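Notes for the structure review
Listed below, chain by chain, are the residues.
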Amino acid sequence: MTPYARRGVHGQTVETLARRVLSGEIPEGATLDLVALQSELDVSLTALRESLKVLAAKGMVDARQKRGTFVRARCDWNLLDADVLRWQFAGGTGSGTDLPLLRNLGEVRGIIEPAAVRLAAERRTDTDLDALEAALTAMGEQVGGAAHAVEADLAFHRALLAATHNELLERMEMVIESGLAHRDEIVHSSPHGEDPVPSHRAVLDAVRDRDPAAAERAMRALLDQAVRDLDRAHGTGPADDEGNGTR
């Protein structure tokens, strides 16, 4: 999914409004002054309304006669939407304010990925194994810096979901990837993460062997290490002397 920031004035307006709502700068229940926003953001009223339609589709705002356009209660927001997740992370990078959201997503991953990898072990094809192997190889390459490592990690977990051959589970990549990419960026800025290749190799080996139980154990071990890496990066867990890694 292309980020809205890459879609010109419309995308920039959407992102600006979304981040203000998500940060609480525009609080729940607040009625928006469209004329003032139009002037401040230097956009046409039509462009502003089109941007608000995007947020309305994500459950963040609504419009009523006599009341105008207002921010809906957080319980109505589509918090699993990939853009909503990305906007939240964009406002908390490196500050520690993103840690609760990362922990929530870690719990979601702990529910989804161990079950998904069991299916992958049962249903994987040779093509699936090739995709996993390619991602793992890329993960071990010492080129391209953090961006390359993050993309390799995303490719591995994306390939695992695809190997379930369950199209609903495959769609979960949009939820998992948003948090995984942000977590990886944090871990790569820390000197305390572990080498990600062995833990991912254990998952791949179990999937290749069509061993669902071993695959689940390996995935749970990988996710446990991901939590420890994140704690170290945020200074909330024990540090060690090992190199950067992703999970």
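Residues numbered from 1 in each chain as written. Predicted model: local features only at pLDDT ≥ 70, side-chain atom pairs only at ≥ 80, totals over all residues. Heavy atoms only, no water.

**With respect to the overall build of the protein**
For the record, the criterion: The helix count covers DSSP runs of H or I at least four residues long, the strand count covers runs of E at least two residues long, and both are numbered beginning at the N terminus. Residue burial is assigned from relative accessible area. The probe radius is 1.4 Å, only protein chains are included, and a residue is buried under 20% of its type maximum, exposed over 50%, and partly exposed in between. By definition in these notes, contact holds between two residues if any of their heavy atoms fall within 4.5 Å.
Within the protein, the regular secondary structure consists of eleven helices and two strands. The secondary structure elements of the protein, listed N-terminal to C-terminal, are α-α-α-β-β-α-α-α-α-α-α-α-α. Sorting the 247 residues of the protein into buried and exposed places 46% on the buried side. Nonlocal contacts in the protein, meaning residues at least 24 apart in sequence, comprise 71% of its contacts between residues at least 6 apart.

**Considering the environment of Thr-164**
Structurally, the position occupied by Thr-164 is in the loop between α7 (145–162) and α8 (167–171). Along the sequence, Thr-164 and Asp-128 sit 36 residues apart, while their C-alpha atoms lie 9.4 Å from each other. For Thr-164, the contacting residues outside a window of four places in its chain are Ala-116, Leu-119, Ala-120, Arg-123 and Leu-169.

**Notes on the nonpolar core**
Let me state the cut-off plainly: We call a set of buried Ala, Val, Leu, Ile, Met, Phe, Trp, Tyr and Cys residues a nonpolar core when their side-chain atoms join them within 4.5 Å.
Grouped together as the largest cluster of nonpolar side chains are 24 residues, with contacts concentrated most on Val-117, Leu-132, Phe-156, Leu-160, Val-203, Val-207 and Met-219. When residues of this core are traced back to their parent elements, those giving at least two are α5 (99–123), α6 (126–140), α7, α10 (197–208) and α11 (212–233). If we skip the residues at most four places from it in the chain, Phe-156 touches Leu-132, Ala-135, Leu-136, Met-139, His-200, Val-203 and Leu-204. Leu-17, Val-21, Leu-22 and Met-60 belong to the second-largest nonpolar core, a separate cluster that totals 21 residues.

**Observations regarding the pairing of strand β1 (residues 61–64)**
Our working definition: DSSP-based pairing: two strands are paired if at least 2 bridges between them are found.
Of the strand pairs in this sheet, β1 and strand β2 (residues 68–71) are connected by four bridges, and their pairing is antiparallel. Following the sheet pairing, Val-61 is matched in β2 by Val-71. Here β1 hands over to β2 after three residues, with Lys-66 in that stretch at a positive phi of 75°.

**Let's talk about the environment of Glu-113**
Here Glu-113 shows up in helix α5. Of the residues examined, Glu-113 reaches a relative accessible area of 2% and is grouped as buried. Between the alpha carbons of Glu-113 and Leu-223 there is a distance of 9.0 Å; along the sequence they are 110 residues apart. If sequence neighbours within four positions are ignored, Glu-113 has contacts with His-157, Ile-176, Met-219 and Leu-223.

**Brief notes about the environment of Ala-73**
In this structure, Ala-73 sits in the loop between β2 and α4 (82–90). Here Ala-73 falls in the partly exposed class, since its relative accessible area comes to 29%. As a C-alpha pair, Ala-73 and Val-61 span twelve residues in sequence and 8.6 Å in three-dimensional space.

**Looking at the packing of aromatic side chains**
Any aromatic ring pair is given by two values, namely how distant the centres are and how the planes are angled relative to each other. Definition in use: Aromatic contacts are taken between Phe, Tyr and Trp rings whose centres are within 6.5 Å, Trp giving its six-membered ring; a plane angle under 30 degrees counts as stacked, one over 60 as edge-to-face, and the others as tilted. Comment: the charge-over-ring label is applied if NZ (Lys) or CZ (Arg) is within 6 Å of the ring centre and within 35 degrees of the ring normal.
What the rule picks out here adds up to zero aromatic pairs. Over the face of the ring belonging to Phe-70 we find Arg-67, whose NZ or CZ atom lies 3.7 Å from the ring centre.

**What to know about the side chain of Glu-177**
Worth spelling out the cut-off: A 3.5 Å cut-off defines polar contacts: any pair of N or O atoms within that distance qualifies, except that in protein one atom must be a possible hydrogen donor and the other a possible acceptor, and neighbouring residues in sequence count only when both atoms are side-chain atoms.
Inspection of the secondary structure assignment puts Glu-177 in helix α9 (residues 173–188). Here the side chain of Glu-177 touches Arg-158 through a polar contact of 2.6 Å, side chain to side chain. Other than its neighbours up to four places away in sequence, Glu-177 contacts Leu-154 and Arg-158.

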